[in-house]
Each structure stands twice: as C-alpha cells, then as structure tokens.
Amino acid sequence: MTPEPAPTLSQLLAFYLEAGVDCALSEEPVDRLSESQRPADLKAASPAGEAPRSIRPAPATFAAAAAEPLPAPDAAIASAREQARTAASLEILRDMLEKFDGCALKSTATRLVFADGNPKARIMFVGEAPGREEDIEGLPFVGRSGKLLDRMIAAIGLDRTKVYIANVIPWRPPGNRTPTPQETQICLPFIQRQIELVDPDILVTLGNPSTQTLLSTREGIMKTRGRWFNYDTGTRVIRAMATFHPAYLLRSPSYKRLSWQDLRAIAKALAQTTS
C-alpha cells in the first residue's frame, strides 16, 4: 500500500483554521509527551545557566491570571445573579460584563460580544456563543451563519435595524468548543437580564443549546422548533419560539424549509401584535 503524502504547510494551516485553532500560546513548540516522560533529565540536558525551553516562564498575562484564581463556580453564579439583577439599562449591563471576571472564557476571548441591532426591537434572536469572526469584530452573527441569519430575517421583511441579536455566552469558547454547563450557568443571569431590558414581543432561540437553556426544556431542537413557548421574565410573559441555528442550516440545508415555516409563523405573530 502506498503511504499518503505528508500534508503541506498550507494544508496543515487550513486544517487548523477549520478546526478553530487561530492563535498560538507560545512561540516555541512544546513536546508535552517528552516533557512528562523525563522531567528529571531536563535540567541536566540544558547548558549551564540556561533554562530548558519547555519550562520557560509563562508570559506575563498568563502569570497574572494564575495569580488571581477565578472564584468557585457557585460563587461566580451568585455574583452574576446579583450584578445582573441590579443592571438598570443595557449600557450598565454591558459595562458589568466588561468588568466581570467570574467566567474563564473572558481570559481566552479577544473581546466581549454583547449584542447587535435595535434595543427597542419587538423581536429578539438569541444564539449560543460567538465564533471566530464574532470574537474579532465584537458583534454576534457576522460570519457565514450571520450572513444566513440576515437573509432569514430579510425573508420576513426585517433587517438588523428592526431586530435585536445576542448570545447566551458573550465570550468565544476556545476553538469554538461547546460551553460547559458551568460556563452557561455563570452567563445565564446576564442574558436573562438582557432579555428583560430589551422586553421584546417575541423571543427566538436559535439552536438546541440556547433553546434548552432559556426555555427550560430537555427536548431536542427537532421537537421544540416551530412550537410556541412562554418565557416568563418575572414581570411579563413573552412569546418564544425555537428554530434551527443558521450554522446548522449551513451544514444541513434540507432543513431550511422547516426554518422558513418557523419564520412565517413568527412574522404572522408579529403582525397580530401590531394590529
């Protein structure tokens, strides 16, 4: 059997980018396997007076983060609830999130991705977490899935000046990984308060994670999409509907037909609340 040719540098870089690896934590590669196998030999193998490369001091930013450990998850969740509860406006809530240090995702993200659109909109869309493009620009849904979302809302006569868009998680998870349950619970009070402050007539959850988190259901998106739920803010009940996340529709375009049915139901509900 003829062995496959080794990938070129450009192919490797393309693979890493597709996998979500878009930054390096060190200028030198570290052989973790070798490091764990022979820790006692590192000092002897190094020239006199020179620290082994694999145990160089961490950059100052990481050292500072290590010097200030994150609060325990329960304490971080309690702090998030208390802070979010006191936010009197979206501007104050955003400032709170900028200063909030209870979620580890903040230390690995480039910037906070708070929201986009019209804060007085009658309809609010909520996804799960920012991706690479969102992390760079600081706005939700600006990559490929964002362009599809723009087309979806345009199909019912809306655009970003007439909707409000946010995510349950306001910081990008490293490599676009799925947020952990703890990270979701820590960020949940902030998105809940954000929904309260926007106070839309209709809430649309995009994809399974945001639907299960905000609508308190264990059912999958195939069962929840297209159904109306009641989202209770404590002062008002908002009509809510789940539909597919645009990123899922890019991978499974055959479901766009079902998503279109959801959008038509949403547009009809908007028209009814206006009349």
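Residues numbered from 1 in each chain as written. Predicted model: local features only at pLDDT ≥ 70, side-chain atom pairs only at ≥ 80, totals over all residues. Heavy atoms only, no water.

This part takes up the pattern of salt bridges. Here the structure, examined in full by the defined rule, presents twelve salt bridges. Two residues, D95 and K99, come together in a salt bridge whose shortest N-O distance is 3.1 Å. Taken together, the residues D95 and K99, both in helix α6 (residues 90-99) and four residues apart, mark about one turn of the helix. Here D95 falls in the partly exposed class, since its relative accessible area comes to 37%. Residue classification places K99 among the exposed positions, given a relative accessible area of 59%. (Salt bridge = Lys/Arg side-chain N within 4 Å of Asp/Glu carboxyl O. Helix = DSSP H or I, 4+ residues; strand = E, 2+ residues; numbered from the N terminus. Buried < 20%, exposed > 50% of the residue type's maximum accessible area, 1.4 Å probe, protein only.)

Bringing the sheet that holds strand β5 (residues 228-232) into the picture now. Backbone hydrogen bonds are what pair the strands of a sheet, in a parallel or an antiparallel way. A sheet is described by the order of its strands in space; here six strands give the open sequence β1-β3-β2-β4-β6-β5, paired in mixed fashion. Each end of this open sheet is capped by a strand with a single partner; those strands are β1 (116-117) and β5. Of the pairings in the sheet, the one linking strand β4 (residues 202-206) to strand β6 (residues 237-243) comprises five bridges and is parallel in character. Within β6, the residue paired with I202 across the bridge is R239. Where helix α11 (residues 208-215) meets the sheet, its contacts fall on β2 (123-127), β4, β5 and β6, and the angle it forms with β4 comes to roughly 135 degrees. (Pairing = 2+ DSSP bridges. Contact = heavy atoms within 4.5 Å. Axes fitted to C-alpha atoms, helices over the stretch in contact; angles between N-to-C directions.)

Moving on: the nonpolar core. M124, Y164, W171 and I191 are the most contacted members of the largest nonpolar core, which totals 38 residues. Breaking this core down by element, the ones donating at least two residues are α5 (73-86), α6, β2, β3 (164-167), α10 (181-198), α11, β5 and β6. With seven residues, α10 is the largest single contributor of residues to this core. F125, L148, L206 and A242 belong to the second largest nonpolar core, which has 24 residues in total. (Core = buried A, V, L, I, M, F, W, Y, C linked by side-chain atoms within 4.5 Å.)

Time to look at the packing of α6 against α10. Between α6 and α10, the least distance of the axes is 10 Å, while the angle of their chain directions is 165 degrees. By the criterion of interaxial angle, the relationship of α6 to α10 is roughly antiparallel. In the crossing of α6 with α10, the sense of the turn from one axis to the other is left-handed. Across from L90, L93 and L97 in α6, the residues of α10 making contact are F190, R193, Q194, L197 and V198. Class assignment of the residues belonging to the contact of α6 with α10 gives a composition of six nonpolar, one polar and one charged. (Parallel < 35°, antiparallel > 145°, perpendicular 65-115°, else oblique. Left-handed = near helix turned anticlockwise from the far one by under 90°. Nonpolar A, V, L, I, M, F, W, Y, C, P; charged D, E, K, R; others polar.)

Let us look at unusual backbone geometry. Not every positive phi belongs to a glycine, and F141 is a case in point at roughly 55 degrees. For S216, which is not glycine, the phi torsion reads 50 degrees and is therefore positive. Along the chain, S216 turns up in the loop between α11 and α12 (221-224).

Quick look at α6 now. Of the residues making up α6, those classed as buried are L90, L93, M96 and L97. Viewed end-on, α6 has its buried residues packed into an arc of 115 degrees, placing them on one side of the element. Exposed and oriented more than 90 degrees from the buried face of α6 are E91 and K99. (Arc of directions from axis to C-beta.)

Tallied over the full model, the rule gives four aromatic pairs. Judged by centre distance (5.4 Å) and plane angle (45 degrees), the rings of F244 and Y255 are tilted. With F244 in the loop between β6 and α13 (246-251) and Y255 in the loop between α13 and α14 (256-274), this residue pair connects regions lying eleven residues apart in the sequence. Accessibility expressed as a relative area gives 26% for Y255, which makes it partly exposed. By the ring-pair criterion, three or more aromatic residues cluster together here, those being F244, Y248 and Y255. Directly above the aromatic system of W228 lies the positively charged group of R239, at a separation of 4.0 Å from the ring centroid. (Phe/Tyr/Trp six-rings, centres within 6.5 Å; stacked < 30°, edge-to-face > 60°. Lys NZ or Arg CZ within 6 Å of the ring centre and 35° of its normal.)

Here we take up the pairing of β3. A two-sided burial pattern is seen for β3, the buried positions comprising Y164 and A166 on one face and I165 and N167 on the other. For β1 and β3, the ladder comprises two bridges, and the chain directions are antiparallel. Within the sheet, the bridge partner assigned to G117 lies in β3 and is Y164. Across four bridges, β2 lies against β3 in parallel orientation. If you follow F125 over to β3, its bridge partner there is I165.

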